[in-house]
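Here's the letter readout for the chains.
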Amino acid sequence: MESKYNYFKRDISWLSFNYRVLLEALDERLPLYERINFISIYSSNLEEFYKIRVADHKAVASGATESDEETVQSARELVEEINKEVTRQLDDRVRIYEQKILPALRKNHIIFYQDNHVEPFHQQFIKDFFREEIFPYLQPVPVSKDKIVSFLRDNRLYLAIRVYPKKEEKNKGEEPKENIEKYTGECINERNDGEGIKVGMEEVRPNVTDLRQPLYFVMKQPYAKVPRFIELPSREKNHYLMFTEDIIKANLNLIFPGYDVDSSYCIKISRDADILIDDTASSADLVAQLKKKVKKRKIGDVCRFVYDRAMPSEFLDFLVDAFRIQRDELVPGDKHLNLEDLRHLPNPNKSLHSLEKPKPMKLTVLDEKESIFNYVAKKDLLLYYPYHSFEHFIHFLYEAVHNPETREIMVTQYRVAENSAVINTLIAAAQNGKKVTVFVELKARFDEENNLATAEMMQAAGIKIIYSIPGLKVHAKVALIRRRGLNGEKIPSYAYISTGNFNEKTATLYADCGLFTCRKEIVADLYNLFRTLQGKEDPKFTTLLVARFNLIPELNRLIDREISLADEGKQGRIILKMNALQDPTMIDRLYEASEHGVQIDLIVRGICCLIPGQSYSRNIRVTRIVDSFLEHARIWYFGNDGTPKVFMGSPDWMRRNLYRRIEAITPVLAPDLRDNLIEMLDIQLADNQKACWVDDKLQNIFKKRTPGTPAVRAQYTFYDWLNKTNS
């Protein structure tokens, strides 16, 4: 039966989130290079989006794959809508970059050349640098419609170049001075724009009305050998930067002697990076499939062809025909592509300060205790990353390694850091005679190879490895330390449930929570979960909420409770913090609760398919926070008539999380820790610096500070609150 409710399209909602990331580059309160980094993040996000989401839609649109969720026609229409929105965002990205970032760099004495005009005193340096550092690594490859063309590698930057054969001179003995200037590409164009005389190195456009036939080439940029950004000699108090491709463009005449270089433009290909595997395969077959198919990721089907939108139409048409590009794969870009590289932009002005992010703090109560085990045996412990140090969790594992009463360590691994301290500690535990069991999710996208290599290393050290479950992903972030007294008596075991991965690197970037507890009911449920991952039993969970078992029924019960309270004239209240909200069934439950008068606040960083501002969602508000750290925690609050129920764990409300993954979420039972989480939610809802409302048109509407009220920047305000309570 067709729903009476409406929803945002998932991918269009995601584009709204990514646009919000781009808007951080406009915030002049941020250090300049922090603003530049947000352009890099925006570009990197978009690249992955095309490789996965758009590639999936294109596969359906072409008839290569079938989908239960969209038709060939709807997939084509969605790809067109995505490309249209991305093109619209490009206009804003260019405007922010050219009108805000570049002038701000110049104001701070960093001149970042963006065109063919450079100062005269850099002319010789650019020629010498090109000849000595770049030229040996360049290899132009001819392009022809009638021949097999070269393979364009995924996400590599290429120059597409058009040249014409030079006209023969009447006096072959001596070339006219005018032609020499054309040949060297150093026609002098002086202009005075208030900032000094500049020498231009301009591309020469021949008179194309003659009968000369153009030749086309592509040339891969040699970034494996040469940095993307080149620092030029400083002058007085000014520092100078230049894109490598601009240096190459300025010297194309040296690569093509005997030709007039007409023009050149950057292009790139994005390829389908998803890996299609037999999800019902056994662990051994899955490993073999992954080893084989991960290597083919770089040669996937084209999902977009990005080109400099200044490229003339006839030039683009030639490339489209030659490389057999489909028209719906064309996505216009700016002169400089792959701006995710801006995260590596040199900062030659050392006086430019960087952002003072909150430094991870260590808990005083743990510094005063010899053992985390002793503390958690008496009281639940909740850590907030990156505000709290991830070293506490490493120390927790370290204690398990050296505690003689530790019987077994059980951990899930979804995305693991390279040279991981977590993995090294687990290996030390196995070498110390402890039984260690690790569930490794091989299907974690883009981490397949790293997870597989790490699993094989752990296996070689004597750790029992459990691989992916057929047909499912295991996304739960849990650890269990099972203990028994030396004389066989029962002593507390320890459970750890987190909203984030066991990854010490992302723990400094992602805002997550992790709960340590000895509560017997949670420990027993977690042990049952690990037995389920080993295929040993059909579990019953009494306290933990586990996707595909008891999660959906309990969520429905909790929502029904708030609806009943609202119907009785009491306050029905729900606050849900998560990364993504997409499942129509659960969105319908929220719409229904809103219609009954339940007050609902959603703090959703990314995808949100629920539409606010409708008659059936008039009591629902959607907040989005983008700041220094990636908001990653999933925390759910249900008012329960003044006795709140608060949960935290791994799942978002996406179809995949609720129905096709193993996820774990725990109630926070300690009253003080529950109140702390409520305080965090209240601070986030009060944010008037980095928070936006998401409206019914997917616009990011910045929350305004009410006159006379304090400025609340949630991440920093909460850090200060934690710091004050760290005693």
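Keep in mind it's a predicted model, so treat the numbers as computed, not measured.

The rules behind the values
Residues numbered from 1 in each chain as written. Predicted model: local features only at pLDDT ≥ 70, side-chain atom pairs only at ≥ 80, totals over all residues. Heavy atoms only, no water. Helix = DSSP H or I, 4+ residues; strand = E, 2+ residues; numbered from the N terminus. Expected span 1.5 Å × (residues − 1). Bend = angle between axes of the 7 residues up to and from the residue. Buried < 20%, exposed > 50% of the residue type's maximum accessible area, 1.4 Å probe, protein only. 1 Å grid on protein atoms, 1.4 Å probe; cavity = no way out; pocket = protein on both sides within 12 Å on 5 of 7 lines; lining within 4 Å. Points joined across faces, edges and corners; volume = space filled by probe spheres on them. Pairing = 2+ DSSP bridges. Axes fitted to C-alpha atoms, helices over the stretch in contact; angles between N-to-C directions. Left-handed = near helix turned anticlockwise from the far one by under 90°. Contact = heavy atoms within 4.5 Å. Nonpolar A, V, L, I, M, F, W, Y, C, P; charged D, E, K, R; others polar. Core = buried A, V, L, I, M, F, W, Y, C linked by side-chain atoms within 4.5 Å. Salt bridge = Lys/Arg side-chain N within 4 Å of Asp/Glu carboxyl O.

Chemist: Sorry if this is basic, but what is going on with helix H3 (residues 72–107) here?
Modeler: Residue pairs three or four apart in sequence face the same way in an α-helix, which turns once every 3.6 residues. Between its first and last C-alpha, H3 extends 51 Å over 36 residues, near the 52 Å set by a 1.5 Å rise per residue. Of all the bends found along H3, the most pronounced is centred on Tyr97 and spans about 30°.

Chemist: Mind showing me how you'd approach unusual backbone geometry here?
Modeler: Backbone geometry follows two general trends: most residues other than glycine have a negative phi, and most peptide bonds adopt the trans configuration. Residue Tyr385 is joined to Pro386 through a cis peptide bond whose omega torsion reads 5°. Here Pro386 lies in the loop between strand E12 (381–385) and helix H12 (391–402). We note that Arg548 has phi near 80°; this positive angle belongs to a residue other than glycine. Looking at the element boundaries, Arg548 is found in the loop between strand E20 (545–546) and helix H16 (551–567). The exposure class assigned to Arg548 is partly exposed, which follows from its relative accessible area of 44%. Residue Asn640 is not a glycine yet carries a positive backbone phi of 55°. Tracing the backbone through its elements, the reader meets Asn640 in the loop between strand E25 (634–638) and strand E26 (645–649). Overall, Asn640 belongs to the buried group, its relative accessible area being 15%.

Chemist: Explain empty space enclosed by the protein to me, please; I cannot follow it from the model alone.
Modeler: Any empty space left between atoms is shown by rolling a water-sized probe over those atoms. What the rule picks out here adds up to 5 cavities of 30 Å³ or more. Within this model, the largest cavity holds a volume of roughly 240 Å³. For the lining of the largest cavity, the secondary-structure elements that each account for two or more residues are helix H2 (32–61), H3, strand E10 (302–308) and strand E11 (330–333). Sort the elements by how many residues they give to the lining of the largest cavity and H2 lands first, with 4 residues.

Chemist: So what exactly am I meant to see when it comes to the pairing of strand E29 (residues 691–694) here?
Modeler: Across a regular strand the side chains alternate sides, sitting on one face of the sheet and then on the other. As paired elements, strand E23 (residues 620–625) and E29 share 3 bridges and run antiparallel to each other. The residue of E29 that forms the bridge with Arg624 is Cys692. Pairing of E29 with strand E30 (residues 700–702) involves 3 bridges; the strand directions are antiparallel. Bridging from a neighbouring strand, Trp693 pairs with Ile701 of E30. Connecting E29 to the antiparallel partner E30 that follows it, the hairpin turn spans 5 residues, and Leu698 within it adopts a positive phi of roughly 65°.

Chemist: Which parts of the structure should I look at to understand the packing of helix H19 (residues 671–686) against helix H20 (residues 714–725)?
Modeler: At a minimum axis separation of 9 Å, H19 and H20 run at an interaxial angle of 145°. Our pair here, H19 against H20, has a crossing hand that is right-handed. Along its contact with H19, which presents Asn676, Glu679, Met680, Ile683 and Gln684, the element H20 presents Ala714, Thr717, Phe718 and Trp721.

Chemist: Sorry, what's going on with the layout of surface pockets here?
Modeler: What the second largest pocket holds in volume is close to 430 Å³. Taken together, the elements giving at least two residues each to the lining of the second largest pocket come down to strand E17 (477–483) and helix H15 (520–533). Among the elements that make up the lining of the second largest pocket, the one with the highest residue count is H15 (4 residues). In the lining of the second largest pocket, the residues fall into 7 nonpolar, 1 polar and 7 charged.

Chemist: Just to check I follow, could you spell out the nonpolar core for this structure?
Modeler: Counting 83 residues, the largest nonpolar core has Leu581, Leu590, Leu602, Leu610, Trp636 and Trp653 as the members making the most contacts within it. Residue contributions to this core peak at 11 residues, all from H2. Setting aside anything within four residues of it in sequence, one finds Leu602 in contact with Leu576, Leu581, Leu590, Leu610, Ile620, Arg621, Val622 and Thr623. With 43 residues, the next largest nonpolar core counts Leu363, Val401, Ile481 and Phe516 among its residues.

Chemist: Looking at this structure, I do not really get the side chain of Asn251. What am I missing?
Modeler: Structurally, the position occupied by Asn251 is in the loop between helix H6 (244–250) and helix H7 (252–255). Beyond its immediate chain neighbours, meaning those up to four positions away, Asn251 contacts Ile126, Lys127 and Phe130.

Chemist: Before we go on, may I ask you to explain the sheet that holds strand E3 (residues 141–143) in this structure?
Modeler: Within a beta sheet, neighbouring strands are joined by backbone hydrogen bonds and run either parallel or antiparallel to one another. Spatial ordering of the open sheet is given by E3-E6-E4-E9-E10-E11, a layout of 6 strands whose pairing is mixed. In this open sheet, the two edge strands, each paired with only one partner strand, are E3 and E11. Direction aside, the axes of adjacent strands within the sheet are offset by 35° on average. Across 5 bridges, strand E9 (residues 259–271) lies against E10 in antiparallel orientation.

Chemist: Help me understand the pattern of salt bridges in this model?
Modeler: Oppositely charged side chains can form a pair if their charged atoms are brought close together. For the coordinates displayed, the defined rule picks out 47 salt bridges. Between Asp328 and Lys58 there is a salt bridge, with its nearest N and O atoms 3.2 Å apart. Note that Asp328 is positioned in the loop between helix H9 (313–322) and E11 and Lys58 in helix H2, a separation of 270 residues in sequence. In this structure, Glu245 engages Arg228 in a salt bridge whose closest nitrogen and oxygen atoms are separated by 2.6 Å. One end of the pair, Glu245, is in helix H6; the other, Arg228, is in the loop between strand E6 (215–220) and strand E7 (229–235), with 17 residues separating them in the sequence. Among the charged side chains, a salt-bridge network with shared partners connects Arg20, Glu24, Asp27, Arg29 and Lys690.

The values are spatial; any link to function lies outside them.
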